[in-house]
Amino acid sequence: MLTSADNGLWLAMWKNRQSDFHQVLVNQQLQDHWHRLAIPAWGRVLVPLCGKSNDLIWLAEKGFQVVGIELSSVAVRAFFDENKLKPKKTRLGNFTVWRHGRISIFCGDIFLLKSASLGLIDAVYDRAALTALPEKIRKAYVTKLLSFMPLLKPMLLLTTEDADPMRNQDSAALIDHEISELYSPHFAMQVSYGDSYQEDANQVTVNKVYHMNTRPLDT
Ligand SMILES: C[S@@+](CC[C@H](N)C(=O)[O-])C[C@H]1O[C@@H](n2cnc3c(N)ncnc32)[C@H](O)[C@@H]1O
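Cut-offs and rules
Residues numbered from 1 in each chain as written. Predicted model: local features only at pLDDT ≥ 70, side-chain atom pairs only at ≥ 80, totals over all residues. Heavy atoms only, no water. UniProt positions renumbered as here; feature names shortened; annotations may be inferred. Phe/Tyr/Trp six-rings, centres within 6.5 Å; stacked < 30°, edge-to-face > 60°. Helix = DSSP H or I, 4+ residues; strand = E, 2+ residues; numbered from the N terminus. Buried < 20%, exposed > 50% of the residue type's maximum accessible area, 1.4 Å probe, protein only. Lys NZ or Arg CZ within 6 Å of the ring centre and 35° of its normal. Lys, Arg positive; Asp, Glu negative; His and termini not counted. Salt bridge = Lys/Arg side-chain N within 4 Å of Asp/Glu carboxyl O. Polar contact = N/O pair within 3.5 Å; in protein donor to acceptor, adjacent residues only side chain to side chain. Contact = heavy atoms within 4.5 Å. Core = buried A, V, L, I, M, F, W, Y, C linked by side-chain atoms within 4.5 Å. Near = heavy atom within 4 Å. Areas by Shrake-Rupley, 256 points an atom, 1.4 Å probe, with all protein chains shown as cover. Nonpolar A, V, L, I, M, F, W, Y, C, P; charged D, E, K, R; others polar.

Looking at an unreviewed UniProt entry, one finds the protein named Thiopurine S-methyltransferase, with Pseudaeromonas paramecii as its source organism. Its UniProt record, at the heading Sequence similarities (unreviewed entry), says of the protein: "Belongs to the class I-like SAM-binding methyltransferase superfamily. TPMT family." Under the heading Subcellular location (unreviewed entry), UniProt records this for the protein: "Cytoplasm".

Right under this line is the structure:
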């Protein structure tokens, strides 16, 4: 059974309230780029490794059914408490499912979640999920996501990447080599947005939004 070697670290980080990655405001790139996926209004959106992200609230307010997956019950409890929501909890195999209105969060290790338990999804929103995982299990993560969509569905993928030192100038517009290897066998993809900043004297960091679809994308 494959689980991430980092699970203990994540659980400890949430327990010790070390969640610097959490954004209080709804992610701007989600708001700017989500419409490009053209998901039907009633669509079911998967948010893997969701933390206590307020992006779940934004998606639910748009009318989508939102399904998060999160390892830490501390994060899931914080999400509902901080949004003053009183969820119902049910047990489902290795998972506890917390539900309120249009939002469900499956609390447990994504690698243990079965597609039949999750149900059908219409789209995926990944912010700092793929990139939060150790490199050596990212392929298994993508395989897991694919198992959740027997028919491929569109995805919005938000990453933070180190710029290619040979191509600092145009890195923000380029599909990263690893992202291409993981996703291009399955999806048509384009970089919809990229911004870069000088992390330190030697390193430029790039935030990117990838739009992935099952058919050729308009440019
Ligand atoms: C970098 S955070 C991103 C959270 C969220 N996407 C956001 O934008 O705030 C990664 C999250 O993944 C969760 N996580 C890590 N490994 C996981 C796993 N194997 N299954 C489910 N969640 C996991 C962590 O607890 C953490 O909340």
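What follows continues from the structure just given.
Some words on the packing of aromatic side chains
Any aromatic ring pair is given by two values, namely how distant the centres are and how the planes are angled relative to each other. Taken as a whole, this structure holds eight aromatic pairs when the rule is applied. Their ring planes at 75° and their centres at 5.5 Å tell us that Trp 14 and Phe 21 sit as a pair that is edge-to-face. For the ring pair Trp 34 and Phe 64, a centre distance of 6.0 Å and an interplane angle of 75° mean the geometry is edge-to-face. One end of the pair, Trp 34, is in the loop between helix 2 (28–33) and strand 1 (44–48); the other, Phe 64, is in the loop between helix 3 (55–61) and strand 2 (65–70), with 30 residues separating them in the sequence. Each member of the pair Trp 34 and Phe 64 is classed as buried. Three or more aromatic residues link up through ring pairs in this structure, and these residues are Trp 10, Trp 14 and Phe 21. Above the plane of the ring of Trp 98 lies Lys 89, whose end atom (NZ or CZ) is 4.5 Å from the centre.

Focus: the side chain of Asp 126
Note that Asp 126 resides in strand 6 (residues 123–127). No salt bridge is formed by the buried Asp 126; its nearest oppositely charged neighbour, Arg 127, is found at 8.1 Å. A polar side-chain atom of Asp 126 sits 3.2 Å from the main-chain amide nitrogen of Leu 130. Discounting chain neighbours no more than four positions away, the residues touching Asp 126 are Tyr 141, Leu 156, Leu 157 and Leu 158.

Considering the UniProt feature "binding site: S-adenosyl-L-methionine" (unreviewed entry) in the protein
Sites flagged by UniProt as "binding site: S-adenosyl-L-methionine" (unreviewed entry) map to Trp 14, Leu 49, Glu 70 and Arg 127. Mapped onto the fold, Trp 14 is located in helix 1 (residues 7–15). Assessed through its relative accessible area of 5%, Trp 14 is described here as buried. Sequence-distant contacts of Trp 14, that is, excluding residues within four places in its chain, are made with Ser 19, Phe 21, Gly 51, Lys 52, Glu 70, Ser 72, Val 74 and Ala 75. Inspection of the secondary structure puts Glu 70 in strand 2. Sequence-distant contacts of Glu 70, defined by excluding residues within four places in its chain, comprise Trp 14, Leu 49, Cys 50, Gly 51, Ala 75, Val 76, Ile 105, Phe 106, Cys 107 and Gly 108.

What to know about the nonpolar core
Nonpolar side chains in soluble globular proteins tend to end up buried together. Counting residues in each nonpolar core, the largest one holds 32 residues, and the members touching the most others are Leu 46, Tyr 141, Phe 148, Tyr 183 and Met 212. Contributing elements (two or more residues each) for this core: strand 2, strand 4 (95–100), helix 6 (138–147), strand 7 (155–162), helix 7 (177–183), strand 8 (188–200) and strand 9 (203–213). With four residues, helix 6 is the largest single contributor of residues to this core. Core analysis: the second largest hydrophobic core is formed by 27 residues, Leu 56, Val 66, Leu 85 and Trp 98 among them.

A closer look at the site of the ligand
With respect to spatial proximity, 17 residues lie near the ligand, and among them Trp 14, Leu 49, Glu 70, Ile 110 and Arg 127 are the closest. Contact between the ligand and Glu 70: an oxygen atom at 2.6 Å from a side-chain N or O atom of the residue. The fraction of the free accessible surface of the ligand (600 Å²) that becomes covered by protein chains is 97%. Looking at which element gives the most residues to the shell around the ligand, the answer is helix 1, with three residues. For the shell around the ligand, the class distribution of residues is ten nonpolar, four polar and three charged.

A few points about the pattern of salt bridges
For the coordinates displayed, the defined rule picks out three salt bridges. Here Glu 82 and Lys 52 are joined by a salt bridge, their closest N and O atoms 3.0 Å apart. Residue Glu 82 is located in helix 4 (residues 73–82), and its partner Lys 52 is located in the loop between strand 1 and helix 3; the two are separated by 30 residues in the primary sequence. Look at Glu 82 and you get partly exposed, because its relative accessible area is 47%. For Lys 52, a relative accessible area of 13% puts it in the buried group. Where Arg 138 meets Glu 178, a salt bridge forms, and the shortest distance between an N and an O atom there is 2.9 Å. On the criterion of sequence distance, the pair formed by Arg 138 in helix 6 and Glu 178 in helix 7 is long-range, its members being 40 residues apart. With relative accessibility at 23%, the residue Glu 178 sits in the partly exposed group.

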